[in-house]
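Read off the chains here:
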Amino acid sequence: LCVPAVPVLFKQALENMDTEEGKSVSLRCELTKADATVVWKKGEATLQASAKYEMKQKGTVAELVIHNAEPEDA
C-alpha cells in the first residue's frame, strides 16, 4: 500500500516587517508539519546561514533573522 505524503502548508505566512537600518529584524512563518525542510530565498537566490542571516527552526515555526539590515534586504 502506497500512501501519498501530506503536503506541508503555511499555517501562518510571512508578514512584512519594518526595521531601522543597522538593526536586526526577525521573519517568522508557521508550518503544518514540525521540522519540515525550510529554504529561505531572496528572489531566486537561496540564503545561506552567515553572520548576516541566521536561520532557526523549532517545531512548526521557522525563523529568519537578518542582522544589520540594509535597504537591499527589502
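Since the model is a prediction, treat every value here as computed from it, not as a measurement.

Draft legend 1. Spatial organisation of the sheet that holds strand β2 (residues 25–31). In space, the 4 strands of this open sheet follow the order β1-β2-β6-β5, with antiparallel pairing throughout. Both edges of this open sheet fall to β1 (10–12) and β5 (53–58), since each of them pairs with a single strand only. Averaged over all pairs of adjacent strands, the angle between their axes in this sheet comes to 30 degrees, without regard to strand direction. By the bridge criterion, 6 bridges tie β2 to strand β6 (residues 61–66) in an arrangement that is antiparallel. The residue of β6 that forms the bridge with leucine 27 is leucine 64.

Rules used in this analysis
- Residues numbered from 1 in each chain as written.
- Predicted model: local features only at pLDDT ≥ 70, side-chain atom pairs only at ≥ 80, totals over all residues.
- Heavy atoms only, no water.
- Pairing = 2+ DSSP bridges.
- Helix = DSSP H or I, 4+ residues; strand = E, 2+ residues; numbered from the N terminus.
- Axes fitted to C-alpha atoms, helices over the stretch in contact; angles between N-to-C directions.

Purely spatial values, then, with no claim about function.
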